[in-house]
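Architecture at a glance
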Amino acid sequence: MKNQSVSNNIDWITIALYVALVTLGWMNIYSADMTPSSAYYFDFNQNYGKQLIFISFTVLLIIVILTIDAKFYERFASVLFGSSLVLLAGLFIFGKTIAGQRCWYAIGGFTLQPSEFAKAATALALAKYLSDPQINLKNLNHQILALLIMGLPILLILPQPDPGSALIFMMFILVLNREGLPTWYLWTGFGAVVLFVMSLLLKPQYVILISFILVAIHYIKSRRINRNIIASTLVFLVIAGFTLSVDYVFENVFQQHHRDRFNILLGKEVDMSGVGYNTNQSEIAIGSGGWLGKGYLEGTQTKGNFVPEQHTDYIFTTVGEEWGFAGSSVLILLFVSLILRVIYLAENQKTKFSRVYGYGVAAVLFTHFFVNISMVIGIFPTIGVPLPFLSYGGSSLWGFTILLFIFVKMDANKVNEW
């Protein structure tokens, strides 16, 4: 049977949401970077001018992605993943250090961050592995291999150090859970985070006492005939050991700026002129926007350059100040609509490979969106996570575009799947 044309089956809703976000991104980068002496749209010495170049190359990138046969991404998923790992490892030798992080390759006057492209490669690798009919995530060996695929990029990214990108890769656990990974993995991870935070806020003995009470209650309320007191004891000992190790890890493994950001977030330190300056100014800028904002290009905090790196990780502050609560809500609605659209399309795929990859796309977009906005409004530590399609940067824009449009191609090709 002759294959149907995929061009007639492209999901234009997804593309419309993508175009809207990229357009809003450029408008806000222009506002954050524009000065009276550099108001010309095509000033390529300014960040908004460079972003136009990135967007232009993105159009060509989309055409290439949609032209390539959809099966290419499945056949060469392992090769693409292996190549991404090589590029991440190469940073330790050839990488350029910026702001204490060795995350970029310098190419001419531009830099490329391979971790942005590794997200799509990792999503493809997980989809390839999980689509094998013999793989069952109830099997411990299969669980370990799936977690290894997810963990290899993390092991290469953490030493750069780039905890923000590492966090994004950790969230592929949501995809594995959707495909059958036992839920206790998620609960264990969530519990570890809660314990970590509690151990920073309270004295260890109090945390251990609370943990003992909770484990005891769970043991007593268990309806199993043969209650396993040994298992409950081991769980408590693991929790106690983890709690006692938090202080050592926090003081000896975390770098000083990471410790400062956690302390400020938890209210243990107030340093509005130092490490807390970005978050404080971000909150002021967003709060000053009120309900309807000050108007496009009229943000006083933005024009006064009070928020450092406003065109990158803190781009949402421009939206909050100039577009207000109403504009911020529209932007959030666009993101939520895109993520829900990807999930909807993923559920309607005919192949497991496409479905798993679609969920990988949704997991990456959601984590970036949630963490970035939480970061700029002060409820999450500043860890350098860009806002998809809005933050300045070629690597970020191209990485998210590749991630999304590979799925757009897969979805359009489902008419040829059986």
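Above this text is the structure in question.
Everything numeric here is computed off the predicted structure, so don't read it as measured data.

Let us now look at the overall build of the protein chain. The secondary structure content of the protein chain amounts to 17 helices and three strands. In the protein chain, 69% of the contacts between residues at least 6 apart in sequence involve partners at least 24 apart. Accessible surface for the protein chain amounts to roughly 20800 Å². Of this, 67% is attributable to carbon and sulfur atoms.

You can see S354 is positioned in helix 16 (residues 352-376). Of note is the side chain of S354, whose polar atom sits 3.0 Å from the side chain of T351.

Judged by pairing direction, the sheet is antiparallel, and its three strands sit side by side in the order 1-2-3 without closing on themselves. Sheet topology places strand 1 (96-98) and strand 3 (110-112) at the edges, where each strand pairs with a single neighbour. When the angles between neighbouring strand axes are averaged without regard to direction, this sheet yields 55 degrees. Of the pairings in the sheet, the one linking strand 2 (residues 101-107) to strand 3 comprises three bridges and is antiparallel in character. In the sheet register, A106 faces strand 3, and the bridge partner there is T111.

Take the pattern of salt bridges next. Two side chains bearing opposite charge may form a pair once their charged atoms approach each other closely. Evaluated as defined, the whole model comprises nine salt bridges. Ionic pairing is found between R75 and D69, a salt bridge with its closest N-O pair at 3.8 Å. The salt bridge involving D411 is made with K414; its shortest N-O contact spans 2.8 Å. On the basis of relative accessible area, D411 is assigned to the buried category, the value being 3%. A single network of salt bridges, built from pairs that share partners, joins R178, E179, E347 and R355.

Moving on to the packing of helix 1 (residues 12-33) against helix 17 (residues 394-412). When two helices pack together, their arrangement is captured by the angle between the axes and the distance separating the axes. The N-to-C vectors of helix 1 and helix 17 enclose an angle of 170 degrees; their axes lie 11 Å apart at closest approach. Judged on the interaxial angle alone, helix 17 and helix 1 are roughly antiparallel. Contacts between helix 1 and helix 17 involve T14, I15, Y18 and V22 from the first element and L397, T401, L404, F405 and V408 from the second. In terms of residue class, the contact of helix 1 with helix 17 is made up of seven nonpolar, two polar and no charged.

Our focus in this paragraph is a nonpolar patch on the surface. A cluster of nonpolar side chains, namely L201, L202, Y206, L209, I210, F212, I213, L214 and I217, defines an oily patch on the protein surface of about 840 Å² accessible area. Per element, the largest residue contribution to the nonpolar patch is seven residues, and it comes from helix 10 (residues 204-221). Topologically, F212 is positioned in helix 10. For F212, a relative accessible area of 47% translates into the label partly exposed.

Right, let's get into the nonpolar core. Residues L176, L331, Y357, L387, F389 and L404 are the most contacted members of the largest nonpolar core, which totals 95 residues. Beyond its immediate chain neighbours, meaning those up to four positions away, Y357 contacts A120, A123, L124, A127, I402, L403, I406, F407 and M410. L195, I208, V215 and A240 belong to the second-largest nonpolar core, a separate cluster that totals seven residues.

What counts as what
- Residues numbered from 1 in each chain as written.
- Predicted model: local features only at pLDDT ≥ 70, side-chain atom pairs only at ≥ 80, totals over all residues.
- Heavy atoms only, no water.
- Helix = DSSP H or I, 4+ residues; strand = E, 2+ residues; numbered from the N terminus.
- Contact = heavy atoms within 4.5 Å.
- Areas by Shrake-Rupley, 256 points an atom, 1.4 Å probe, with all protein chains shown as cover.
- Polar contact = N/O pair within 3.5 Å; in protein donor to acceptor, adjacent residues only side chain to side chain.
- Pairing = 2+ DSSP bridges.
- Axes fitted to C-alpha atoms, helices over the stretch in contact; angles between N-to-C directions.
- Salt bridge = Lys/Arg side-chain N within 4 Å of Asp/Glu carboxyl O.
- Buried < 20%, exposed > 50% of the residue type's maximum accessible area, 1.4 Å probe, protein only.
- Parallel < 35°, antiparallel > 145°, perpendicular 65-115°, else oblique.
- Nonpolar A, V, L, I, M, F, W, Y, C, P; charged D, E, K, R; others polar.
- Patch = residues over 30% accessible without salt bridge, like charges linked within 9 Å, V, L, I, M, F, W, Y side chains within 5 Å.
- Core = buried A, V, L, I, M, F, W, Y, C linked by side-chain atoms within 4.5 Å.

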